[in-house]
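# Summary of structural features
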Amino acid sequence: MTQAPGDIERLIELMARLPGLGPRSARRAVLMMLKKRGAVMAPLAQVMAEVAASARDCVRCGNITGADLCDICRDERRATGELCVVEDVADLWALERAGAFRGRYHVLGGVLSALDSVGPDDLRIPQLARRVRDEGIAEVILALNATVDGQTTAHYIADVLAPSGVQVTSLAQGVPIGGELDYLDDGTIGAALRARRRF
Amino acid sequence: MMEWRDEGVLLSVRRHGESAAIIEVFTAAHGRHMGVVRGGASRKLAPVLQPGAQLDLTWRARLDGHMGAFTVEPIRSRTGLLGDRLGLAGLNAVCALLHVALPEREPHPGFWQVSIALFDALSGPDWPAAYLRWEMRLLEEIGFGLDLTRCAVTGSREDLAYVSPKTGRAVSRAAAGDWVGRLFPLPLALLGQGPTSAEDLARGLAITGHFLSRELALMLGGRPLPEARTRLQEMLLQPVSFTKRE
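Residues numbered from 1 in each chain as written. Chains lettered and ligands numbered in written order. Predicted model: local features only at pLDDT ≥ 70, side-chain atom pairs only at ≥ 80, totals over all residues. Heavy atoms only, no water.

### Details of the pairing of strand E2 (residues 20–27) of chain B
Residue and element names in this part refer to chain B. Using the following cut-off: For every residue, the accessible area obtained with a 1.4 Å probe (protein chains only) is divided by the maximum for its type, and the residue is called buried under 20%, exposed over 50%, and partly exposed between those limits. Going along the chain from the N terminus, every DSSP run of H or I of four or more residues is numbered as a helix, and every run of E of two or more is numbered as a strand. In this description, strands pair whenever DSSP reports at least two bridges between them.
E2 sits mainly inside the fold: eight of its eight residues count as buried. Every second residue of E2 is oriented toward a common face, with Ala20, Ile22, Glu24 and Phe26 on one face and Ala21, Ile23, Val25 and Thr27 on the other, all of them buried. Note that strand E1 (residues 2–16) and E2 share eight bridges and pair antiparallel. Across the sheet, the residue bridging to Val9 is Phe26, located in E2. Hairpin connection between E1 and E2: a loop of three residues separates the two successive antiparallel strands, and Gly17 in this loop has a positive phi of roughly 70°. Adjacent in sequence and paired antiparallel, E2 and strand E3 (residues 31–37) are bridged by three residues.

Here it is in structure tokens:
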């Protein structure tokens, strides 16, 4: 164990950079893996090495995949003419978990941000316009966060796509399931009222 | 222990670690100020911490020079602008210009009032002219107010028709002479006279943009004015921009 403590410290440092883990929890996780080297640590290391070597962005939608095209883009049943635009892959996965959307996606890779100097050229917006033109898209669903940056991006995309004549829709905003009005902020209540529908 | 309480408007928010956020606010008595909000990335606070939100702020730090931490209470949300393409562009431009133009921790109480009035106006129909006047006021705040009251050459108050791109002072039609091609035409919108046409607005924004770029060059470090301001300027020049997306 002459070298091990240094390596283990390095492993703890790297683990502590992961979201949800601090130095203390990283230390606990590493200790657990060391105790179960054969059952957990070795397979984990092997899979991580494999994924690191094979993972790449889908050339069409920007999803993470192991091939040029992701499973969703390869699946012809998902060529419904609906394209859902999301900020990043985590949002795509969230929509897939919900199982409510059966079309295809387009991952922007971020949102416009005035203060962080993220402009249209830093996002996959030109590729989106090309897909709308080339893939016979009938509806683009803007599933972007209900934040100032998210909605600024949504308005910008709507402007870019306007000449194509494609229908552009966005996710509804309002009371979440299980939400209590008393605990909602003014903006959400206002959005919910504006989006009210016949009952 | 340092502590103060003030009212401010949120300019930007940046996630800090797992659950905290670093916010930048423009306050009434303490100017542009930054601080940490513990739990600022939580589901409870994230809707409150949106740019343009008016907040009741308490700032605490061990020493005055520290970044310190804010506790925040919402006063007024401006998320109603999220569905308004032009209003949202206006909000982004105001926040971005306040961020680059004002020095940190320098109070601008009068300008704060003017800015809040503009933020309030963004949800209404006729704010582009108010936005132009706000940019003129911003130039004053950073030490370069335009002088459009009299001709820089003759001192006359009559027939002012141009603005000097060097001094920011008005020039009368008679005094312009051979310099006409090098002067900005003076739009009535900058004088606050008459209804503001799109053309007038475009000319006015070109003038304020010229002086803002020049005066903020040091702070911008060679970069152009914030893209949010450029985008707003482009939108204001398109008639379609004045419609809301529902």
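### Quick look at the domain arrangement of chain B
Residues and elements named next belong to chain B. Let me state the cut-off plainly: Boundaries between domains were set according to an automatic or database domain assignment. Residue contacts are counted whenever heavy atoms from the two residues lie within 4.5 Å of one another. Here the quantity called buried area is the total loss of accessible area, with a 1.4 Å probe, experienced by two parts when brought into contact, counted for both. Put simply, a salt bridge is a Lys or Arg side-chain nitrogen that is within 4 Å of an Asp or Glu carboxyl oxygen. Residue type decides the class: Asp, Glu, Lys and Arg count as charged, Ala, Val, Leu, Ile, Met, Phe, Trp, Tyr, Cys and Pro as nonpolar, and the leftover types, Gly among them, as polar.
Taken domain by domain, chain B comprises domain 1 (2–77) and domain 2 (80–148 + 186–242). Tallying the contact residues gives 24 residues for domain 1 and 18 residues for domain 2. For the pair domain 1 and domain 2, the two sides together bury roughly 1,700 Å², of which 57% comes from carbon and sulfur. For the interface between domain 1 and domain 2, the tally reads one salt bridge. Close ionic contact of Asp120 with Arg76 constitutes a salt bridge, the shortest N to O distance being 2.6 Å. Of all the secondary-structure elements, those providing two or more residues to the side of domain 1 that touches domain 2 are E1, E2, E3 and strand E4 (54–61). With five residues, the top contributor of residues to the side of domain 1 that touches domain 2 is E1. Among the residues making up the side of domain 1 that touches domain 2, the classes are represented as 10 nonpolar, nine polar and five charged.

### Observations concerning the pairing of strand E3 (residues 82–86) of chain A
Along any regular strand, the residues point their side chains to alternate faces of the sheet. All names here are of chain A. Let me state the cut-off plainly: If the strands point away from the viewer and the path from the first strand over the helix to the second runs clockwise, then the crossover is right-handed.
Here E3 lies mainly inside the structure; four of its five residues are buried. Pairing geometry for E3 and strand E5 (residues 139–142), over four bridges, is parallel. Paired with Val85 across the bridge in E5 is Leu142. The sheet contact formed by E3 and strand E4 (residues 104–107) spans four bridges and is parallel. Looking at E4, one finds that Val86 is bridged to Val107. The parallel pair E3 and E4 is bridged by helix H5 (residues 89–98), and the resulting crossover is right-handed.

### Thoughts on the packing of aromatic side chains
Two numbers describe a pair of aromatic rings. These are the distance of the centres and the angle of the planes. Residue and element names in this part refer to chain B. For clarity, the cut-off: Here is the rule: rings of Phe, Tyr and Trp (six-membered ring for Trp) pair when centre to centre is within 6.5 Å. Planes less than 30 degrees apart are stacked, more than 60 are edge-to-face, and the remainder are tilted.
Applying the stated criterion to the full structure yields eight aromatic pairs over all chains. Judged by centre distance (5.6 Å) and plane angle (25°), the rings of Trp4 and Trp59 are stacked. In this pair, Trp4 is assigned in strand E1 and Trp59 in strand E4, connecting sequence segments 55 residues apart. Classification of Trp4 by relative accessible area gives buried; the value is 13%. For Trp59, a relative accessible area of 0% puts it in the buried group. Geometrically, the ring pair formed by Phe184 and Phe211 is edge-to-face, given 6.4 Å between the ring centres and 70° between the ring planes. In this pair, Phe184 sits in strand E8 (residues 184–185) while Phe211 sits in helix H6 (residues 198–215), placing the two residues 27 residues apart along the sequence. By the ring-pair criterion, three or more aromatic residues cluster together here, those being Phe26, Phe111, Tyr131 and Trp134.

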